[in-house]
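Inside the fold
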Amino acid sequence: MSTPVKKVPIHLQSSQTRLLIKNGKIVNENEITDGDIYIEDGVIKQLGRNLIIPGGTRTIDARGRYVMPGGIDPHTHFEFEFMGTKSVDDFYHGTKAAIAGGTTTIIDFAFPKPGESPLDAYHTYRLKADGKVCCDYGLHVCLTGWSDQVKKDMDLLCRDHGVNSFKLFMCYDFMVDDGELYSAFEHCKNLGAIAQVHAENGKIIIKNAEKLIAKGVTGPEGHEISRPEEVEAEAVNRACVIAKQVDCPLYIVHMMSAEAVEALQSHRNRYGGNVYGETLACALAIDGRQCRHECFAHAAGHILSPPLRSNAQTPTMLMKFLQADILQVTGSDNCTFNQSQKALGKNDFRKIPNGVNGVEDRMSVIWEKGVHAGIIDPSRFVAITSTNAAKIYNLFPRKGVIAVGSDADIVIWNANETRTISAKTHHQAVDFNVFEGMTCHGVPEYVIVNGRVCVDEGQLRVAEGHGRFIETPVFPPYVYDPEKYITLLTEHKNGTVEQNTQNFQKIHLEQ
Ligand code: URP
Ligand code: ZN
Ligand code: ZN
Ligand code: ZN
């Protein structure tokens, strides 16, 4: 049974949803143009100059601002029951914070509780999220083991439930072995789905951690020592090798180290293939020295897996990998725990709940460390914060682009303004912020979610439950048929998004 899709509320169908954004610099992944955007009923209807607009339409003057596709954060964990506790940002606070920062779509992970099937986990997450989300969202589904039942659930999730991506873990209590990875990847390939892995060698980590604890190293610093870069890189290489055997596209989530990215790139150089790499806002701004801080709450507040690296060059190297298209996507991995929850690991770093914030600050942090630092341009910023995720998860061109026919998910960005990040002022439920005190250029002055102005001259006005579950269809052309995809892009230059979407669907049906 598929969960019913929510109807668009009546008030959103009225003329209030008519909006004209004038005089902005419209940034897409491939070009920057000066122009106006006319929005009606949550969709971009016209683009260009001298548009003919109905009377009574609200106008926003975006002169001197960048007008960009809203961010897509493909990696969040709201209300996630994990490591004996539950992440504190729920689907309301999490999506509200996302919008405050310029993100208009999130993709979370449905994670099965012990004994729960992947399909039931999906329904559990729909029930948690549907009434709370302030922006559109999708779901990846985690596979914490392998069986015929899991395989059947994958079929149903792809066929009837709008899921096209499955995450497998190479560490934690619920890690799968190489044979299980092989079977899961093979099935993803058959279904036209994206296989995702958390790449760290779990067995090595257990041994290293046991030795450290036995030597009396119990504090947060033990976390990174037990999972060094090569432990991440080895798993990346192994996942790539296994995916190659069954010719399955692979997406490596949260890549945190230069060694791991080098493993990905060296596999790509040798064998080609569809392997994508995602890194995180925190990894682009902070390094692992924070985890050696004398204050436990501070150090533990920075613990996630794979860990922030003690090599202070890592954030810049990762940004350069994004610039060079060696990495393609940025997420937040927002998985937040209060200081009292982090204290579960006071006497044993293995028990510190893993996870940090980022859903609200990802866009500003990446602008600061990427665009303001002169490493990437605004178009690449759009690619790595929005468009590439839309393409990989088959949301493009509905999302990830400012084009006629696309959803009106838009951020109007003032690159000359600054803001200083703090847990005291953020919109998240958590009591800690890993970016505390960081001043970022790049402030979202207006954030438009499905045509609704949710950040209005800097003021946040969200509507709980206004977001929709967005289906992610299988066989994304960008991943599964890059040649046809390029032809379509060329056609798209002269056509409309609607035509293009039909083309995409035609390709999907031909598979
Ligand atoms: O430490 C992390 N990354 N926490 C969230 C769970 C995961 O592995 O993504
Ligand atoms: Zn169902
Ligand atoms: Zn993970
Ligand atoms: Zn995660």
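The preceding data block contains the structure.
Keep in mind it's a predicted model, so treat the numbers as computed, not measured.

The environment of ligand 1 is made up of 13 residues, and the closest members are Lys167, Tyr172, His198, Ser305 and Asp333. Between a nitrogen atom of ligand 1 and a main-chain N or O atom of Asn354, the distance comes to 3.1 Å. A total of 260 Å² of accessible area belongs to ligand 1 in isolation, and the protein chains cover 99% of it. Taken together, the residues of the shell around ligand 1 sort by class into four nonpolar, seven polar and two charged.

This brings us to the coordination of the zinc ion (ligand 3). Those protein atoms acting as donors to the zinc ion (ligand 3) are Lys167 (NZ), His198 (ND1) and His254 (NE2), and they sit at 2.1 to 2.3 Å. Taken in chain order, the donor set of the zinc ion (ligand 3) reads K-x30-H-x55-H. Here the zinc ion (ligand 4) and the zinc ion (ligand 3) are spaced 4.0 Å from one another. Taken together, the positions of His198 in strand E12 (residues 194–198) and His254 in the loop between strand E13 (250–252) and helix H8 (258–271) put the pair 56 residues apart, joining distant regions of the chain. Each member of the pair, His198 as well as His254, carries the same accessibility label: buried.

Attention now moves to the pattern of salt bridges. Counted under the stated rule, the structure contains 29 salt bridges. For Lys399, the salt bridge identified is with Asp136, shortest N-O distance 2.8 Å. Of this pair, Lys399 sits in the loop between helix H14 (378–392) and strand E16 (410–420) while Asp136 is found in strand E10 (residues 136–143), placing the two residues 263 residues apart along the sequence. According to the relative accessible area criterion, Lys399 is buried, its value standing at 3%. Overlapping salt bridges bring together Asp136, Arg398, Lys399, Asp407, Asp409 and Arg468 as one network.

Reading the values: rules and limits
Residues numbered from 1 in each chain as written. Chains lettered and ligands numbered in written order. Predicted model: local features only at pLDDT ≥ 70, side-chain atom pairs only at ≥ 80, totals over all residues. Heavy atoms only, no water. Near = heavy atom within 4 Å. Polar contact = N/O pair within 3.5 Å; in protein donor to acceptor, adjacent residues only side chain to side chain. Areas by Shrake-Rupley, 256 points an atom, 1.4 Å probe, with all protein chains shown as cover. Nonpolar A, V, L, I, M, F, W, Y, C, P; charged D, E, K, R; others polar. Donors = N, O, S within 2.8 Å, 3.2 Å for Na, K, Ca; no water. Helix = DSSP H or I, 4+ residues; strand = E, 2+ residues; numbered from the N terminus. Buried < 20%, exposed > 50% of the residue type's maximum accessible area, 1.4 Å probe, protein only. Salt bridge = Lys/Arg side-chain N within 4 Å of Asp/Glu carboxyl O.

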